[in-house]
Amino acid sequence: MNSTHAPPALWSEDALWAASTIDFPILFLDKSRTVHAANPAARALAQRIAPGGGPEALVALVSDEGWATALRQGDWQGVVQVDAAPALSLEIHFGHARDSAHCVMVVVDISERGERKRQYEELQRTVDRLASTQEQLLQSEKMASIGQLAAGVAHEINNPIGYVGSNLATLQDYATALLTLMEKYHEALFSEDPAGQREELLQARQRLDIDYIAGDLPNLLKESREGIERVTKIVQDLKDFSRVGRDQKMQPADLLQGLDSTLNIVWNDLKYKVRLEKHYTSLPPVECLASEINQVFLNLLLNAGQAIEQRGTIALASGCDEREVWISITDSGCGIPPEAMPHLFDPFFTTKPIGRGTGLGLAISYGIVAKHHGRIEVTSKVGQGSTFRVVLPIHQPRTGATAA
Ligand SMILES: Nc1ncnc2c1ncn2[C@@H]1O[C@H](COP(=O)(O)OP(=O)(O)O)[C@@H](O)[C@H]1O
Ligand SMILES: [Mg+2]
């Protein structure tokens, strides 16, 4: 407790000590408005109201009428407004004896009470609701694009499974032929005259096409193994998309690998009409939620593919400096008219027929990239094509709340 003057005996050491432990401002005054003591909270508030000044600044907030009332009645209470605090409740209490020359002044900052508190809580609830809606939208858009992809992916998986199956049937025939020949060798070996069987064995070998089998067998096995690997890879890539990213932590990730995996699952839709170009510059690991960034790539690749009517090119490129990396997806598609540009990232803005477009892809991508403190840049020319460039910081800022 800092005292301006030696406190009169009227205020006990205990009272002063108690005041110093309370976190709202308390001042001890006399009738002539002289401050005898002020607790740390009072000094701090006085500093906020009048920087450089003392606790007298708080006393000055009491109007002359207020003082007159306090002197007359023993108590007074009022609310004042100052720049630093929109609502301060001031109370003055003289001692029990009306003629007491000393009083206590209590100041309570009520700015955050009442209406403001209610508004704040309302806002907080809205923010929470929005966050969960955004999460649901993200999940449903994810599901929608997975739905779009499902047919393509089914085909992509069916194809290798089909030829692995037919290879297995052929391999079974080959195995039967080889076992048949082995049986004949075995019989010859234990016959009376093994050497006399030679001609017959050579004919059987020819009949069973063993030379052809010997040549074809390694190919069949290699092709089947590749088919299984392809299916495993697609399943692996798909797994990334079934995760929801609320409690995940941002971790350094290889963005180009993510882009390639994502490309892998949309490629089936694109391969008949799109020529692909890659101009990759290697990138450092980027701190991010990889599955969400892949979702951005997925949306941009789907849009690029949908922008190409007949045949066209999609070019993927990357680059970085010491702070940021970028990945761009350029298509030679229809392009975006200038009047649509301001609306691209609006939720539900779509120029596509119902069932094809939800208008959520770019809105959600924007949200994901903003959450990563990055940005999406768009350049486009009608009839020539568009470039969407995703720019992300390599490291996330250490302090401050994450942008919504
Ligand atoms: N690469 C692109 N080329 C041309 N137009 C695009 C491209 N990407 C996005 N757009 C435009 O932006 C709109 C919004 O895209 P998006 O948010 O992904 O929703 P959706 O694809 O479901 O329509 C599209 O309907 C389209 O008009
Ligand atoms: Mg889209």
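Each remark here, short or long, concerns the structure printed above.
S.K.: So what exactly am I meant to see when it comes to the pairing of strand S4 (residues 75–82) here?
M.R.: Here is the key point about a regular strand: its side chains alternate between the two faces of the sheet. Burial of S4 is one-sided: the residues Trp76, Gly78, Val80 and Val82 facing one way are buried, the residues Asp75, Gln77, Val79 and Gln81 facing the other way are not. One ladder, built from seven bridges, connects S4 with strand S5 (residues 85–94); its direction is antiparallel. Bridge pairing in S5 links Gln77 to Glu91. A loop of two residues connects S4 with S5, the two strands running antiparallel in sequence.

S.K.: What is the right way to look at the site of ligand 1 in this model?
M.R.: Around ligand 1, 19 residues are found, and the nearest of them are Thr350, Thr351, Lys352, Thr358 and Leu362. In this structure, an oxygen atom belonging to ligand 1 sits 2.7 Å away from a side-chain N or O atom of Lys352. Side-chain polar atom of Ser386 to a nitrogen atom of ligand 1: 3.5 Å apart, as the coordinates give it. Coverage of ligand 1 by the protein amounts to 94% of the 530 Å² it exposes when considered alone. For the shell around ligand 1, the secondary-structure elements that each account for two or more residues are helix H9 (290–307), helix H10 (361–371) and strand S13 (385–393). Among the residues making up the shell around ligand 1, the classes are represented as eight nonpolar, nine polar and two charged.

S.K.: Would you mind going over the pairing of strand S3 (residues 35–38) with me for this structure?
M.R.: Two elements, strand S2 (residues 26–30) and S3, share three bridges in a ladder whose sense is antiparallel. Bridge pairing links Leu29 to Val35 in S3. Connecting S2 to the next strand, S3, in antiparallel fashion are four residues, including Arg33 with a positive phi near 70°.

S.K.: Explain the pattern of salt bridges to me, please; I cannot follow it from the model alone.
M.R.: If the charged atoms of two oppositely charged side chains come close together, the side chains can form a pair. Scanning the entire structure with this criterion turns up 12 salt bridges. Here Asp64 and Arg33 are joined by a salt bridge, their closest N and O atoms 3.0 Å apart. Here Asp64, found in helix H4 (residues 64–73), pairs with Arg33, found in the loop between S2 and S3; they are 31 residues apart in sequence, far enough to count as distant. Several salt bridges share partner residues, and in doing so they unite Arg323, Glu324, Arg375, Glu377 and Arg389 into one network.

S.K.: I keep staring at the sheet that holds strand S11 (residues 324–331) and nothing clicks. Help me out?
M.R.: Hydrogen bonding along the main chain pairs the strands of a sheet, whether they run parallel or antiparallel. Taken together, five strands build an open sheet; the order of strands is S8-S10-S11-S13-S12 and the sheet is mixed. Only two strands of the sheet have a single partner each, and these edge strands are strand S8 (274–279) and strand S12 (375–381). Neighbouring strand axes in the sheet, compared pairwise and without regard to direction, differ in orientation by 15° on average. Judged from the seven bridges that link them, S12 and S13 form a sheet pairing that is antiparallel. Bridge pairing in S13 places Ser380 opposite Ser386. Lying over the sheet, H9 contacts strand S10 (312–320), S11 and S13, oriented at roughly 25° with respect to S11.

S.K.: I keep staring at unusual backbone geometry and nothing clicks. Help me out?
M.R.: A negative phi angle is the norm for most residues apart from glycine, just as the trans form is the norm for most peptide bonds. Phi is positive for Asp209, close to 60°, though the residue is something other than glycine. Looking at the element boundaries, Asp209 is found in the loop between helix H6 (198–207) and helix H7 (210–241). At His373, a position not held by glycine, the phi torsion is positive, near 60°. For His373, the position within the fold is in the loop between H10 and S12.

Here is what the cut-offs are and how they apply
- Residues numbered from 1 in each chain as written.
- Chains lettered and ligands numbered in written order.
- Predicted model: local features only at pLDDT ≥ 70, side-chain atom pairs only at ≥ 80, totals over all residues.
- Heavy atoms only, no water.
- Buried < 20%, exposed > 50% of the residue type's maximum accessible area, 1.4 Å probe, protein only.
- Helix = DSSP H or I, 4+ residues; strand = E, 2+ residues; numbered from the N terminus.
- Pairing = 2+ DSSP bridges.
- Near = heavy atom within 4 Å.
- Polar contact = N/O pair within 3.5 Å; in protein donor to acceptor, adjacent residues only side chain to side chain.
- Areas by Shrake-Rupley, 256 points an atom, 1.4 Å probe, with all protein chains shown as cover.
- Nonpolar A, V, L, I, M, F, W, Y, C, P; charged D, E, K, R; others polar.
- Salt bridge = Lys/Arg side-chain N within 4 Å of Asp/Glu carboxyl O.
- Axes fitted to C-alpha atoms, helices over the stretch in contact; angles between N-to-C directions.
- Contact = heavy atoms within 4.5 Å.

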